[in-house]
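# Descriptive analysis of the structure
One letter stands for each residue in the lines below.
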Amino acid sequence: MKTTTYSDAAVFVVQTPFQLYLALAFKRYWSGNADLWLIDPALRQFSENADLRSSWGEVCYEQVNEKVTGRRRSVSLAFRRLLSLKSVRRRIEKYLKRRKPAYVFLFADNHEVLASFARIAKQRNGARVIMIEEGTAVLFSFKRTEAPFVKKIARYLLGVDNWKGYQIGWSPYIDDIIVSSAALAHKDYLGNRRVLEFPRGPFPPVASEFLEFGAIAVPEFHFDHRDILWLGQPWVEAGEIGIEKENELLRKLSQDDIVRRVIVKAHPFEDKIKYRAFPEIDVLSDKYDSVPAEVLCETSRPMCVVSVFSSTAVNYCVRAGVQSALIMIPEMPAEIRAVAKAIAANWPSIRLFEKADNLLLYLHALGEKRAADSVHVDAAGWKMLVSRIVSGSVESH
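Residues numbered from 1 in each chain as written. Predicted model: local features only at pLDDT ≥ 70, side-chain atom pairs only at ≥ 80, totals over all residues. Heavy atoms only, no water.

### A short note on the side chain of S324
The following threshold applies: In this text, helices come from DSSP runs of H or I with a minimum length of four residues, and strands from runs of E with a minimum of two, each type numbered from the N-terminal end. Relative accessible area decides the class of each residue, using a 1.4 Å probe on protein chains only: under 20% of the type maximum gives buried, over 50% gives exposed, and in between gives partly exposed. Whether two residues are in contact is decided by their heavy atoms, any of which lying within 4.5 Å being enough.
Mapping S324 onto the fold places it in strand β12 (residues 323-327). Given a relative accessible area of 1%, S324 falls into the buried group. Those residues in contact with S324 that sit more than four places away from it in its chain are C304, V305, A313, C317, S349, I350 and R351.

Below, the structure is given as structure tokens:
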């Protein structure tokens, strides 16, 4: 039996620092009560911040993951994680019964807790469930990955919601999705859901709030003369490309004069030891692991962001009018290469480079400069987006 929901109450359920950043952005324009659920060890430091707790109606922290970097989880660890989901689901049910949010905002539905939240909120509360794009998953089919047969059986018997192990976009309980470009989103991700688009331009500037709530001591990230942000990614660790190809790329960077203008932010899932072979390359310390690249961009305003295939190219560069260079390593999966070409064709600020030498020439040609100190945020557009969520109106494309 469905319970009665409060008409303007919402809950944001986040599992990554960038999702928290987006939740802060949305909260600026949400007029009703808003609660916050944090469900990953990377967010523990935020859950303990008194200022963050006082700025939300209620803050809950749950942990079913162990913090694992650059390695696969052991079978026993994965099993314990699955067993812990049952108690977490009970706490979700109690929360939804007590707080009765009318709107549930998620940023993914593949994580078991998020999948459970969507199902329970829809079945028990009749809440409207909205999934907000937060990365490149929107560009792919959720069917591209599926758990092995034995694991699927175990997950099914344990009552895991996403027992097939699909990627983001599978849940039948999602009502609305918010994307950067409906035209580029994969048809499996869109499904039969109501589709809304983000306003043009940058996200609301919430980097200072994010840093404050995370108790991160450095208020701004102005890296002196380093105006090129190079984002590491765990392609080697995931087995998608060979270490030789990555080393060749890093070697060319380290031997070029442009390296003096580059600062590297390694991905939390990368093995950072690999950078020690290239002492000329300046790599940010571990204390920035919980700081999304978009926060670094908002505060340091790099002239260009370089990556193999980072969602920052869309989340920040396209929105702020900053150049983004994507490196097309030959071993990359064909599907990812095709999507990269599609987004580059759609957004002129994104450039693709098959060869490292051409990338380095391009960076030299851009010259030394910073992005604009401020970029206009479409406040009216954000208010309209929230209004459409509440009213149920649909954008035309």
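### Some words on the environment of Y288
Mapped onto the secondary structure, Y288 falls in the loop between β10 (282-283) and α10 (293-300). Residue classification places Y288 among the buried residues on the basis of a relative accessible area of 10%. C-alpha separation for the pair Y288 and P268, spaced 20 residues apart in sequence, amounts to 9.2 Å.

### Let's talk about the pattern of salt bridges
Applicable threshold: Salt bridges are defined by distance alone: a side-chain nitrogen of Lys or Arg within 4 Å of a carboxyl oxygen of Asp or Glu.
In the structure shown here, the tally under the stated rule is 22 salt bridges. Measuring nitrogen to oxygen at the nearest pair gives 3.0 Å for the salt bridge that ties R28 to E209. With a gap of 181 residues between them, R28 in the loop between α1 (17-27) and β2 (34-38) and E209 in helix α8 (residues 207-213) connect regions that are remote in the sequence. Take R28: its relative accessible area is 42%, and that puts it in the partly exposed class. Salt bridges here are not isolated pairs; linked through shared partners, they connect D35, E58, R98 and R99.

### Topic: unusual backbone geometry
We note that K100 has phi near 50°; this positive angle belongs to a residue other than glycine. Of note, K100 is situated in the loop between α4 (75-99) and β4 (101-106). The backbone phi angle of R301 is positive, close to 50°, even though this residue is not glycine. Position of R301 among the secondary structure elements: in the loop between α10 and β11 (304-307). Given the relative accessible area of 14%, R301 is considered buried.

### Description of the packing of aromatic side chains
Note the cut-off: Pairing of aromatic rings covers Phe, Tyr and Trp, the last through its six-membered ring, and needs centres within 6.5 Å; plane angles under 30 degrees mean stacked, over 60 mean edge-to-face, and all others mean tilted. Should the NZ of a Lys or the CZ of an Arg lie within 6 Å of a ring centre and within 35 degrees of the ring normal, that charge is described as sitting over the ring.
What the rule picks out here adds up to 21 aromatic pairs. Taken together, F12, F18, Y21, F26, Y29, W30, W56, Y103, F105, F198, F203 and W382 form an aromatic cluster joined through their ring pairs. We note K27 situated over the ring of W56; from NZ or CZ to the ring centre the distance is 5.2 Å.

### Side note on the pairing of β2
Counting buried positions over the 5 residues of β2 gives 5, a clear majority of the element. Burial of the side chains of β2 extends over both faces: A34, L36 and L38 are buried on one face and D35 and W37 on the other.

### Brief notes about the confidence of the model for the chain
For clarity, the cut-off: Every residue is assigned a pLDDT by the predictor, reflecting its confidence on a scale from 0 to 100.
With 88% of its residues at a pLDDT of at least 70, the chain reaches an overall mean of 87. No element of the chain has a lower mean pLDDT than α4, at 81, and none a higher one than β2, at 97. Here residues 1-6 is modelled with pLDDT under 50, and outside its nearest four sequence neighbours on either side it reaches 17 contacts, counting other chains as well. Segment residues 67-71 is flagged for pLDDT under 50; beyond a separation of four residues in sequence, or across chains, it makes 8 contacts in the model.

### Details of a nonpolar patch on the surface
Defined as follows: Only residues whose relative accessible area exceeds 30% and that take part in no salt bridge are eligible for patches, with like-charged residues grouped when within 9 Å of each other and nonpolar side chains (Val, Leu, Ile, Met, Phe, Trp, Tyr) grouped when within 5 Å. We get accessible surface area from the Shrake-Rupley algorithm with a probe of 1.4 Å; when it comes to residues, only the shown protein chains can shield them.
A contiguous nonpolar surface patch, about 610 Å² in accessible area, is contributed by F149, V150, I153, Y156 and L157. Accessibility expressed as a relative area gives 63% for F149, which makes it exposed.

### A closer look at the sheet that holds strand β13 (residues 350-353)
Stated precisely, the cut-off is as follows: Here, any two strands with at least 2 DSSP bridges between them count as paired.
The 6 strands are arranged β10-β9-β8-β11-β12-β13 in an open sheet whose pairing can be described as parallel. Either end of the sheet is taken by a strand with one partner, and the two such strands are β10 and β13. Sheet topology places strand β9 (residues 262-265) next to β10; 2 bridges connect them, and they run parallel. Of the residues in β10, the one forming a bridge with I263 is D282.

### A look at the pairing of strand β6 (residues 176-179)
Short version of the rule: If you view a crossover with the strands going away from you and the path from the first strand over the helix to the second runs clockwise, you call it right-handed.
Side chains of β6 alternate between two faces, with D176 and I178 and I177 and V179 buried alike. In the classification by handedness, the crossover that spans strand β5 (residues 128-132), the intervening helix α6 (residues 149-157) and the parallel β6 is right-handed.

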